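The primary structure of each chain is shown beneath.
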Amino acid sequence: MTNQSGAFLEARPMLGGLGAEVTGIDIAAELGDDQVEAIKSALWRHHVLVFRQQPLAPEDQIRFGRHFGPLKEHPYIGSLDGFPEIMVVRKEPEETHNFAGAWHTDTSYQETPALGSMLQAVEVPDGLGDTLFCNMVAAFDALSEPMRAFLEGCEAVHSFAGGSLAGREQDLGYGALANNHQDAARVVQPVIRTHPHSQRKAIYVNPMFTEAILGLTSEESDAILSLLYRHCIRPEFILRLRWQPGTVVIWDNLTTMHCPLNDYHGHRRVMHRIVIAGEERSG
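Since the model is a prediction, treat every value here as computed from it, not as a measurement. (Residues numbered from 1 in each chain as written. Predicted model: local features only at pLDDT ≥ 70, side-chain atom pairs only at ≥ 80, totals over all residues. Heavy atoms only, no water.)

(A) Seen up close, helix 2 (residues 58–66). The set of residues buried in helix 2 consists of D60, Q61, I62, F64 and G65. Elements that come into contact with the buried residues of helix 2 comprise helix 1 (33–46), strand 3 (48–51), strand 4 (71–72), strand 6 (116–123) and strand 16 (269–276). (Buried < 20%, exposed > 50% of the residue type's maximum accessible area, 1.4 Å probe, protein only. Helix = DSSP H or I, 4+ residues; strand = E, 2+ residues; numbered from the N terminus. Contact = heavy atoms within 4.5 Å.)

Below is the structure:
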């Protein structure tokens, strides 16, 4: 791929089941249409794009994010002063719980969930606080044909409170927040989602926000969801991302789950997050 000035834009696949590191572009600069299209094409192909040593001012992060679509503010969590589009994800040294520290897909509890998310590492502990990503397209492709056919006819209920609050204070780091929003809307999503750009199919359930598969008994639903969660995080579908200050990552929210690791007690970690609005679903 070439950028507008003719320089080579490289998306080099990372070790793992998804992801690519992108070089040959300054994402803080004004980008041409061909550059944006090249980045989008790489994102739909690799699901996660990593830009190293590219710290962004808030206005630059917002401008870059808007190339992918309108930005969404989080419905329950505050933002960076003066920049409502940017949510600050922070853990202080004395805190023991990290934010959203379990496998999940951002905003699956909204009728039109996010198309993508972008996270910038502002302050990270050296060698700690990695994030895991899994490839939900590859996970779908690896299912048996009868299971794929069954799941394509299924829908599931999602909500901000999720299926169960048991252990959320410890495991997810914001159990009290979920407790305070038990009246949050419940929405129905397809269990298998067709991506609006790549047209590839992906499993679309997650342990944090999916409550149940419609039309099944609770035992049946729990059994199938448990099977899918274990299946989706098989090692061959996983990328383990090591953060550095100035690392910017954008991921396709419709084809991945992610899980931030909580292995940095006694250290400070600060990230700036934006969320890219989704589109009407297909499938």
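(B) Broad picture of the sheet that holds strand 15 (residues 256–260). Across the sheet, which stays open at both edges, the 3 strands sit in the order 13-7-15 with antiparallel pairing between neighbours. Here the strands that pair on one side only, and so sit at the sheet edges, are strand 13 (238–241) and strand 15. Pairs of neighbouring strands in the sheet enclose a mean axial angle of 20°, with direction left out of account. Pairing between strand 7 (residues 131–135) and strand 13: 4 bridges, direction antiparallel. Looking across to strand 13, one finds that C134 is bridged to I238. (Pairing = 2+ DSSP bridges. Axes fitted to C-alpha atoms, helices over the stretch in contact; angles between N-to-C directions.)

(C) A look at the sheet that holds strand 8 (residues 155–159). Strands sit in the order 9-8-12 across an open sheet of 3 strands; the sheet is antiparallel. The sheet is open, and its two edges are formed by strand 9 (186–190) and strand 12 (210–213), each paired on a single side. Neighbouring strand axes in the sheet, compared pairwise and without regard to direction, differ in orientation by 30° on average.

(D) Region of the structure containing the nonpolar core. Grouped together as the largest cluster of nonpolar side chains are 29 residues, with contacts concentrated most on I25, I39, L49, F51, F64 and I250. Taken together, the elements giving at least two residues each to this core come down to strand 2 (20–23), helix 1, strand 3, helix 2, strand 14 (248–252) and strand 16. Per element, the largest residue contribution to this core is 6 residues, and it comes from helix 1. Beyond its immediate chain neighbours, meaning those up to four positions away, I39 contacts L9, I25, L31, L49, F51, F64 and F68. Core analysis: the next-biggest nonpolar cluster, separate from the first, contains 27 residues, V191, I203, Y229 and F237 among them. (Core = buried A, V, L, I, M, F, W, Y, C linked by side-chain atoms within 4.5 Å.)

(E) Local environment of the pattern of salt bridges. In this structure the tally under the stated criterion is 16 salt bridges. A salt bridge links E37 to K40; the nearest nitrogen and oxygen atoms lie 3.9 Å apart. Here the residue E37 and the residue K40 both occupy positions in helix 1, the gap between them amounting to 3 residues, near one helical turn. Given a relative accessible area of 47%, E37 falls into the partly exposed group. Residue classification places K40 among the buried residues on the basis of a relative accessible area of 18%. Residue E92 is joined to R268 by a salt bridge in which the shortest nitrogen-to-oxygen separation is 2.9 Å. Of this pair, E92 sits in the loop between strand 5 (87–91) and strand 6 while R268 is found in the loop between strand 15 and strand 16, placing the two residues 176 residues apart along the sequence. By sharing partners, the salt bridges in this structure join R90, E92, E123 and R268 into a single network. (Salt bridge = Lys/Arg side-chain N within 4 Å of Asp/Glu carboxyl O.)

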